[in-house]
Amino acid sequence: MLPPSFSETCTANFCVCLTSMIYSFLFGYSPDNKYNLQVKPEPEVYDFIIVGAGSAGCVVANRLSEINNWNVLLLEAGNEEPIRATIPGFGGSLGGTEFDWKYRTQSEKSEIVKSKEIYWPRGKIMGGSSSINGMYYVRGNREDFDNWARMGNPGWSYKDVLPYFIKSENNLDPTVVEKNPDYHGTGGYLSVQTNPFFTEPAKIAIKAFQEKGYDLIDANAAKQLGITRTQITAGNNSRSSTNVAFIRPIRGERKNLFIKSQSFATKILIDTKTKKARGVEYTSQKTGKTQIVMASKEVIVSGGVINSPQLLMVSGVGPCEELKKHKIEVIKNLSVGKNLHDHVSAPGLSAKKKNIKIHPKTCEKDMEHFFTYLSKREGPLSGGKSGMLTGFVATKFAEKDIPDIEFTFDRIEENEIAFKPILLTPKNRGHLALNDKDPVRGQPLLYPGYFTEKFDVQRLIAGIGITIDILNSTVMRNNDFIFDETPLAACQSFKFNTYEYWVCYLRHKFNTDFHPVGTCKMGPKEDHLAVVDSRLKVHGIEGLRVIDASIMPAVTRGNTNAPSIMIGEKGSDMIKDDWL
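First things first, this report covers the structure right here in the doc.

Conventions we followed
- Residues numbered from 1 in each chain as written.
- Predicted model: local features only at pLDDT ≥ 70, side-chain atom pairs only at ≥ 80, totals over all residues.
- Heavy atoms only, no water.
- Disulfide = S-S within 2.5 Å.
- Helix = DSSP H or I, 4+ residues; strand = E, 2+ residues; numbered from the N terminus.
- Buried < 20%, exposed > 50% of the residue type's maximum accessible area, 1.4 Å probe, protein only.
- Salt bridge = Lys/Arg side-chain N within 4 Å of Asp/Glu carboxyl O.
- Phe/Tyr/Trp six-rings, centres within 6.5 Å; stacked < 30°, edge-to-face > 60°.
- Lys NZ or Arg CZ within 6 Å of the ring centre and 35° of its normal.
- Contact = heavy atoms within 4.5 Å.
- Patch = residues over 30% accessible without salt bridge, like charges linked within 9 Å, V, L, I, M, F, W, Y side chains within 5 Å.
- Areas by Shrake-Rupley, 256 points an atom, 1.4 Å probe, with all protein chains shown as cover.

1. Notes on the state of the cysteines
Now for step 1: Applying the stated criterion across every chain yields a total of one disulfide.
Now for step 2: Each disulfide pairs two cysteine sulfurs, and for Cys491 the partner residue is Cys504, the sulfurs being separated by 2.1 Å. The chirality of the disulfide connecting Cys491 with Cys504 is left-handed, given an S-S dihedral of about -90 degrees. With Cys491 in the loop between strand E24 (482-483) and helix H15 (499-509) and Cys504 in helix H15, this residue pair connects regions lying 13 residues apart in the sequence. Just as Cys491 is buried, Cys504 falls in that class too.
Now for step 3: Free cysteine Cys58: the closest other cysteine sulfur is in Cys520, separated by 18 Å.
Now for step 4: Look at Cys58 and you get buried, because its relative accessible area is 0%.

2. Quick notes on the pattern of salt bridges
Now for step 1: A complete count under the given rule lists 29 salt bridges for this structure.
Now for step 2: Note that Arg459 and Asp404 form a salt bridge whose closest N and O atoms lie 2.7 Å from each other. Here Arg459 is found in helix H13 (residues 454-471), whereas its partner Asp404 is found in the loop between strand E19 (389-393) and strand E20 (405-412), with 55 residues between them in sequence. As far as the burial class goes, Arg459 and Asp404 line up, both buried.
Now for step 3: Asp513 is paired through a salt bridge with Lys420; the nearest N and O atoms lie 3.1 Å apart. Remark: Lys420 occurs in strand E21 (residues 416-423) and Asp513 occurs in the loop between strand E25 (511-512) and strand E26 (544-546); sequence separation between them is 93 residues.
Now for step 4: Through salt bridges with shared partners, a single network forms among Arg63, Glu66, Lys167, Glu569, Asp573 and Lys576.

3. A few points about the packing of aromatic side chains
Now for step 1: Throughout the structure, instances matching the rule amount to 27 aromatic pairs.
Now for step 2: Centroid distance Tyr46 to Phe258: 5.5 Å. Interplanar angle 75 degrees. Geometry classified as edge-to-face. On the criterion of sequence distance, the pair formed by Tyr46 in strand E1 (residues 45-51) and Phe258 in strand E11 (residues 257-260) is long-range, its members being 212 residues apart.
Now for step 3: Taking relative accessible area as the criterion, Phe258 reaches 6% and is therefore assigned buried.
Now for step 4: The rings of Phe145, Trp148, Trp156, Tyr158 and Phe165 are connected pair by pair, giving a single aromatic cluster.
Now for step 5: Sitting over the face of the ring of Trp101, Lys124 holds its NZ or CZ atom 4.7 Å from the ring centroid.

4. A closer look at the environment of Phe409
Now for step 1: Here Phe409 shows up in strand E20.
Now for step 2: Given a relative accessible area of 2%, Phe409 falls into the buried group.
Now for step 3: Between the C-alpha atoms of Phe409 and Lys385, which are 24 residues apart in sequence, the distance is 9.0 Å.
Now for step 4: For Phe409, the residues in contact, after removing those within four places along its chain, are Ala205, Phe209, Ile227, Ser386, Leu389, Ile417, Ala418 and Phe419.

5. Here we look at a nonpolar patch on the surface
Now for step 1: Taken together, Val45, Ile292 and Met294 make up a surface patch of nonpolar side chains, about 240 Å² in accessible area.
Now for step 2: Considering the arrangement of structural elements, one finds Ile292 in strand E14 (residues 290-301).

None of this, on its own, says anything about what the molecule does.
So, in structure tokens, the structure goes:
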């Protein structure tokens, strides 16, 4: 509730002013700033240098620094994670700010896409994208990891990776754990809970899925087909980024862990004769000075699907034609930046109530939600309104019991239920290239190759058909939610709900679900697209690994944050196996 008399005294201007002041404080203050004021003696040579404090990098830094006599350096280009990031309902507000790399794809042409740029937010912050994402905790399907193993990556089958998901997890929902104890952990660093915000329209949506034969499930257990109350990376209704989960508990305790935020890695130092990684060159964003740090054992690149391949290429590891184009000495010719792919979605499908009075969003209402969260850790800010539910279905093109479409909800409100089908198994592959003007610091050129495979179009349109079927369910109509058949203005020349109409719709309306992977593909050296082997070591370079989502040979069926954390856990154990 609001403080006494707040509603009466908060005029529009005063409310906006107060809101701006509070948000500015939340935006700028981080409890971790204190560590940047402390100076401790650094070793001349580190044992391990980790580049990138994101979803995987924070995990690796934690696990390697468990070994007391290993000195570990973690470099992060972004700033400390502000308080604002930990409030679930505010997470998306960090996009487009200093905490975001603000990447954009290049215009491309295909049978569907004529020319369209897509905004790709990526976290430039301690915690990486786990600090700005939607917090969905979705591991993927058993088949995803068994397929990785079949592609020549021993040790990455589902039975191999499941223990690492469990190792990380501290699941705070007793019901979830009791129902599926073999799939969940309670002692890990990463807090996971069921999204606490749940409304009557969400209950209606669940019943609509159940009417169509989809069970209420735990998507992280044995069965993935169905509708689920979303599990999120949060504890006590506060975001659990990998920075919050894996770094904050140990940052002031472990003297062998050194962290440098606002430190942009510009080059991996590789001996051209021995082909061994020796260290890292980085520029301090605070001082503008360029410094060199050395590693006696390994350099670990955890910059993510865009920054990791960029750093490898500017360091001489990548496609020879691309490196020569930028006058970079080729140390190892590998397909870095290839195999880029992403989950693509079809937003804008909804069922609406007619003649419902819509209450406009106001500053006062925002402040009420804010104070409710501060005082009770409840309300819309406690978990995010749109992330209450997640669905998984199989189209006619899918293998039995294996989903190829995911649903996330854009809106679950009193007057509208809107969700979008997301293609989980894209066949298309794109690539990443260096910036022509500034390969080191300029934004890489991203060519995701959306809809270059016709089969992706067919499968996503099949997903649209399932979406419409659910939105047209009896449960929806009995609750006055009517599927909106208003045609897209650009597609009015096509008959609504025909294949041709949806092709037109996708051309103008498609979007990403922000799960790009694959640019440092894991695979055997016989695989011409492989960059790292099954131990995550860069082919042909000693003392260099990549540990993040870029190593995924094929994207998982679901949101990619949880698998990235698993990769960090498993990669850390591989390093320990090699050096202990």
